[in-house]
Amino acid sequence: MGAGGRMQVSPPSKKSETDTIKRVPCETPPFTVGELKKAIPPHCFKRSIPRSFSYLIWDIIIASCFYYVATSYFPLLPHPLSYFAWPLYWACQGCVLTGVWVIAHECGHHAFSDYQWLDDTVGLIFHSFLLVPYFSWKYSHRRHHSNTGSLERDEVFVPKKKSDIKWYGKYLNNPLGRTVMLTVQFTLGWPLYLAFNVSGRPYDGGFACHFHPNAPIYNDRERLQIYISDAGILAVCYGLYRYAAAQGVASMVCFYGVPLLIVNGFLVLITYLQHTHPSLPHYDSSEWDWLRGALATVDRDYGILNKVFHNITDTHVAHHLFSTMPHYHAMEATKAIKPILGEYYQFDGTPVVKAMWREAKECIYVEPDRQGEKKGVFWYNNKL
């Protein structure tokens, strides 16, 4: 991979991993966004309706096949085998539906086609199916992309400063506490963020809820579309109610509810690991700028799931730099810009479960580097 993003790890010792992982440079980069864009082949910025739909249709076909097999053949299985079949269905269906979620997310970035109305129609349908308020999240997520790495204005997974850690924080900084925190984060984190802005940036002037048209997250031009998002969610909820009334609540939970929990868990996990890493800086208003903030992200390796998730996992740096680029060109774009990014590009191939545990252990809060000259640059630490 070259020098860019390589992490230098010293021999095992009692030191924290944050002391042994090489930090990403926090100085103003010696390149511009324009120079990065010139390095990328022009066709990478072209959106193809047939190609975009091919990925969506393929995901729908696979998800439909899983549903057909589960409904047609699982009832015929001998009783003990069902205990193995259902978890397999949940895992596979959850992964495929996460891919559908990613394509709807791409619609929100206007990366699906050249037509905004088509992107919004596709995104609204499929995000609503996964109980995501499409327009609501589209606008808050756009602000995340506009303010990545900013301690004051980023939207989600904004790390706390040491002074903001609650009194009980030190009692959770142990294996049991981390297990509880991660479990809650990956099961309830997404709905809690949408409904109550948990882990989101603080807002003044009202209740920051993605379902509330008058929430301070949105401006007056966006409020009507929040109603449309809510209507989409209500329509799907009504459909689920009718399905449960006809087939039973247990059927609805098994075929839809558990895979949706897995989708939500993957969404939180992917986002968490993209923006939480001991090598990544965060900035206050005295240091932050858009380019350095966009580079304060990390690409990860999820193995075969990289393809299932349409490479949102291992091309996230390029995505933050050029969010309207379709996912099927992101790998080529990443390879094109890595030589220019050099050490500003961060890739971590640590196995996902190990990385999740390490980040939960090492990345507790951020504080300025006491030995550095830049007091507006903050780094992760865990010494409470």
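Residues numbered from 1 in each chain as written. Predicted model: local features only at pLDDT ≥ 70, side-chain atom pairs only at ≥ 80, totals over all residues. Heavy atoms only, no water.

Focus: the nonpolar core
Ranked by internal contacts, the top residues of the largest apolar core, which has 56 residues, are Trp-101, Trp-190, Leu-269, Tyr-302 and Phe-309. Listed by contribution, the elements that provide at least two residues to this core are α2 (49-73), α3 (79-108), α4 (116-129), α5 (134-146), α7 (175-196), α8 (223-247), α9 (249-275) and α14 (352-362). Looking at this core element by element, the count peaks at 11 residues for α9. In contact with Tyr-302, other than residues within four places in its own chain, are Leu-269, Ile-270, Leu-273, Phe-309, Thr-313 and Val-352. Residues Leu-295, Ala-318, Phe-322 and Tyr-344 belong to the second largest nonpolar core, which totals 17 residues. (Core = buried A, V, L, I, M, F, W, Y, C linked by side-chain atoms within 4.5 Å. Buried < 20%, exposed > 50% of the residue type's maximum accessible area, 1.4 Å probe, protein only. Helix = DSSP H or I, 4+ residues; strand = E, 2+ residues; numbered from the N terminus. Contact = heavy atoms within 4.5 Å.)

Regarding unusual backbone geometry
The residue His-110 is not glycine, and still its phi comes out positive at about 60°. By secondary structure assignment, the location of His-110 is in the loop between α3 and α4. The phi angle at His-310 is positive, at roughly 55°, despite the residue not being glycine. With respect to the helices, strands and loops of the structure, His-310 is situated in the loop between α11 (305-308) and α12 (316-321). A relative accessible area of 5% means that His-310 is categorised as buried.

Observations concerning the UniProt feature "transmembrane region" (unreviewed entry) in the chain
If you check UniProt for "transmembrane region" (unreviewed entry), the listed places come out as residues 55-76, 88-105 and 253-273 in our numbering. Helix makes up 100% of residues 88-105 and strand 0%, with an end-to-end C-alpha separation of 26 Å. As annotated, residues 253-273 has a helix share of 100% and a strand share of 0%, and its two end C-alpha atoms lie 28 Å apart. (UniProt positions renumbered as here; feature names shortened; annotations may be inferred.)

Some thoughts on the pattern of salt bridges
What the rule picks out here adds up to 12 salt bridges. Ionic pairing is found between Arg-23 and Asp-369, a salt bridge with its closest N-O pair at 2.9 Å. Of the two residues, Arg-23 sits in the segment before α1 (33-39) while Asp-369 sits in the loop between β4 (365-368) and β5 (377-381), which places them 346 residues apart along the sequence. Look at Asp-369 and you get partly exposed, because its relative accessible area is 25%. Residue Arg-292 pairs with Glu-287 through a salt bridge whose shortest N-O separation is 3.3 Å. With respect to burial, Arg-292 and Glu-287 carry one shared label: buried. Taken together, the shared-partner salt bridges in this structure form one network comprising Arg-300, Asp-348, Arg-358 and Glu-359. (Salt bridge = Lys/Arg side-chain N within 4 Å of Asp/Glu carboxyl O.)

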